[in-house]
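A closer look at the structure
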Amino acid sequence: MIYTRIVGSGSFLPRTVVSNNDLANDLLYRGIHTSDDWIVQRTGIKQRYLAESDIDTSYMAVESAKMALIDSGIDASDIDLIIVATSTPDCIFPSTACIVQSKLNAKHAAAFDLQAACSGFVYALSTADSFICSGKAKNVLIIGSEKFSRILDWNDRSTCVLFGDGAGAFVLTASSDYGILSSCISSDGSMSDILSVSGHFENGNINGYPFIKMDGQSVFKNAVRVLEESAREVCDKACVDIKDINWFIPHQANIRIIKMLGRRLGVEDDKLVITVDKHANTSSASIPLAFNVAKLDGRIKNGDLVLIQGVGGGFTWGSSLVRI
Ligand SMILES: CC(C)(COP(=O)(O)OP(=O)(O)OC[C@H]1O[C@@H](n2cnc3c(N)ncnc32)[C@H](O)[C@@H]1OP(=O)(O)O)[C@@H](O)C(=O)NCCC(=O)NCCS
C-alpha cells in the first residue's frame, strides 16, 4: 500500500502588514466607511499581509517552496511534479508552476497550475495523492500562492476587507507507513454566481467584472454545510471517528464559519487551527499557511491526525484526512 506523506512545509507572507484600522483609514480617503469593530465582529480578521507591487504570485510560491524543500530534505531535482493552486497567476501562460519549476531548477518536474479558487490547495493535495498512489510520481511539490489584492475592488467594502496575500507549500512523498488516509473533492457549478471574478480578456480588452463579487450570506451558509458533509465523508472513508482527530485546519475565510463548523462536528475550539485573524483570507494559500503556523509553534506533531478542508468559488470544496 502506498501512502502520500507530508514531509515538508513552508510559507511566505509579504512584509507589509495592514491592520483593520490602517485599512479603514485608507478606505476613508475613497469615501468608503468601515471599522475595525465591524470587520472583527463579522469575520474575526484583525489584519492582512499585502504584497508590494514588485512581488508576484510566482515569487511568493518560490519562497514558500524553498522553505518546504529545506524542511523535507528533498532536493528540487528529485521533484517529479509541481502543482501550483492559484486564481491569481502571474500571467495566462506560461503557468505559474512552470515559472516556479525554472526558478527552483526542478529539472525533472512536470508542472501545471490548478484553479479551484479557495479550494485550490485541497484539490492540489488530492491530485498529488492520486499521482503518488498510482505510482506516477514519487515526490510532489504543491503550492497555494495568491496575490488576491490584485483582484479586489477597493471601492467594495463588503469584499476588500476580507482578503490578503501569501503562499504556502507542502512537499509530498510516497511512503509505505502512513500519510493521507482519505481525500474527497467536490463541486457544484450551479452556485458559480455566489462567488466569482467574471472578467476575461477578449481582443486585448477586459470583458466583464475583473474583481471579486460575492453573495456573502450564501457563501457563508453553503460553506458551513459542505464543510460539515465533507468532513463526515472523509472520516467515514477512513473509518476514523471525528473525536480522534487532533487538529482541524479548515480554509481560513471567516472565524464564524470555522466555529460554526466546529460546533456542528462537536469539536472543541482548541482543536481548531485559526490564522484568519492574522492572515485574513488568502484563498488557496490559507491552509498551508495555517498548517505551517501550527507546525512551527509545536501544536502539530508527528503521528497527529489532521483534517484539512477547503471551500470556495465554483462552488468547490474538499477535505483530506492526514496522519502526520
Ligand atoms: C461577508 C460577510 C462578512 C458579511 O457579513 P454579513 O453579516 O452577511 O453582512 P451583510 O452583507 O448582511 O451586511 C450587513 C451590513 O453591513 C454593511 N457592510 C458590509 N461590509 C461592510 C464593511 N466592510 N464595513 C462596514 N459595514 C459593512 C452592509 O452594507 C450592510 O449594511 P446595511 O444593513 O445598512 O445594508 C459574511 O457574509 C461572510 O463572511 N460571508 C462568507 C464570506 C466568505 O467566507 N468568503 C470567502 C469564501 S472562500
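Residues numbered from 1 in each chain as written. Predicted model: local features only at pLDDT ≥ 70, side-chain atom pairs only at ≥ 80, totals over all residues. Heavy atoms only, no water.

**Remarks on the UniProt feature "domain: Beta-ketoacyl-[acyl-carrier-protein] synthase III N-terminal" (unreviewed entry) in the protein chain**
Put simply, the test is: UniProt positions are given in the numbering used here, feature names are shortened, and annotations may be inferred rather than shown by experiment. For the purposes of this entry, the term helix denotes a DSSP run of H or I that reaches at least four residues, the term strand denotes a run of E that reaches at least two, and both are numbered from the N terminus.
Here, the residues flagged by UniProt with the feature "domain: Beta-ketoacyl-[acyl-carrier-protein] synthase III N-terminal" (unreviewed entry) are residues 112-189. With 23% helix and 37% strand, the stretch residues 112-189 has end C-alpha atoms that lie 22 Å from each other.

**A short note on unusual backbone geometry**
In this model, Phe93 is joined to Pro94 through a cis peptide bond whose omega is 10°. Within the secondary structure, Pro94 is located in the loop between β4 (81-85) and α4 (96-104). The amide bond that connects Gly314 to the next residue, Phe315, takes the cis arrangement and shows omega of -5°. For Phe315, the location among the structural elements is in the loop between β14 (305-312) and β15 (316-323).

**Comments concerning the packing of helix α3 (residues 57-72) against α4**
Put simply, the test is: Axis definition: a line fit to C-alpha positions, over the contact stretch in the case of helices; interaxial angles, taken between N-to-C directions, run 0 to 180 degrees. Small angles under 35 degrees read as roughly parallel and large ones over 145 as roughly antiparallel, with 65 to 115 read as roughly perpendicular and the rest as oblique. Crossings are assigned a handedness: left-handed for a near helix turned anticlockwise from the far helix by less than a right angle, right-handed for a clockwise turn. Contacts: residue pairs with any heavy atoms within 4.5 Å of one another. In this classification, Asp, Glu, Lys and Arg are treated as charged, Ala, Val, Leu, Ile, Met, Phe, Trp, Tyr, Cys and Pro as nonpolar, and every other residue, Gly included, as polar.
Between α3 and α4, the least distance of the axes is 9 Å, while the angle of their chain directions is 50°. Classified by the angle their axes make, α3 and α4 are oblique. Here α3 runs over α4; the crossing is right-handed. Contacts between α3 and α4 involve Thr57, Ser58, Ala61, Val62, Ala65, Lys66 and Leu69 from the former and Thr96, Ile99, Val100, Lys103 and Leu104 from the latter. In terms of residue class, the contact of α3 with α4 is made up of 7 nonpolar, 3 polar and 2 charged.

**Side note on the site of the ligand**
Let me state the cut-off plainly: Consider each residue's heavy atoms; a residue with any of them within 4 Å of a molecule or strand counts as near. Within 3.5 Å is the distance limit for a polar contact, defined as a pair of N or O atoms, with the added protein rule that one can donate a hydrogen and the other accept it, and that residues adjacent in sequence qualify only through two side-chain atoms. Delimitation of the domains relies on an automatic or database domain assignment.
Residues in close proximity to the ligand total 23 residues, the closest being Thr34, Arg42, Gly216, Gln217 and Asn254. Contact between the ligand and Arg42: an oxygen atom at 2.7 Å from a side-chain N or O atom of the residue. Between Asn254 and the ligand, the recorded distance is 2.6 Å, taken from a side-chain N or O atom to an oxygen atom. Broken down by secondary-structure element, the contributors of at least two residues to the shell around the ligand are α2 (36-43), α6 (157-160), α7 (216-238), α8 (255-265) and β14. Residue assignment places the shell around the ligand across two domains, with domain 1 (3-175) and domain 2 (180-323) each supplying three or more.

**A few points about the side chain of Asn281**
Heads up, the condition is: Any residue under 20% of the maximum accessible area for its type is buried, any over 50% is exposed, and the rest in between are partly exposed; the area is computed with a 1.4 Å probe on protein chains only.
Here Asn281 is to be found in the loop between α9 (276-279) and α10 (286-296). A relative accessible area of 5% places Asn281 in the buried class. Only 3.2 Å separates the side chain of Asn281 from the side chain of His251, close enough to count as a polar contact. Only 2.8 Å separates the side chain of Asn281 from the backbone nitrogen of Ser283, close enough to count as a polar contact.

**Quick word on the sheet that holds strand β7 (residues 166-175)**
Worth spelling out the cut-off: Pairing between strands requires that DSSP locate at least two bridges from one strand to the other.
Taken together, 5 strands build an open sheet; the order of strands is β1-β7-β6-β4-β5 and the sheet is mixed. The outermost strands of the open sheet, each flanked by one partner alone, are β1 (3-12) and β5 (110-114). Along the sheet, successive strands turn relative to each other by an average axial angle of 20°, direction set aside. Of the pairings in the sheet, the one linking strand β6 (residues 139-146) to β7 comprises 8 bridges and is antiparallel in character. Opposite Ile143, over in β7, you have Ala169 as the bridge partner. In the packing of α3 onto the sheet, the strands contacted are β1, β6 and β7, and the crossing angle to β1 comes to about 125°. Contacts from α10 reach β1 and β7, with the element oriented near 90° to β1.

**Points about the environment of Pro89**
Within the secondary structure layout, Pro89 lies in the loop between β4 and α4. Here Pro89 falls in the partly exposed class, since its relative accessible area comes to 25%. Between the C-alpha atoms of Pro89 and Leu114, which are 25 residues apart in sequence, the distance is 9.9 Å. When sequence neighbours within four positions are dropped, the list of residues in contact with Pro89 reads Thr96, Asp113 and Arg150.

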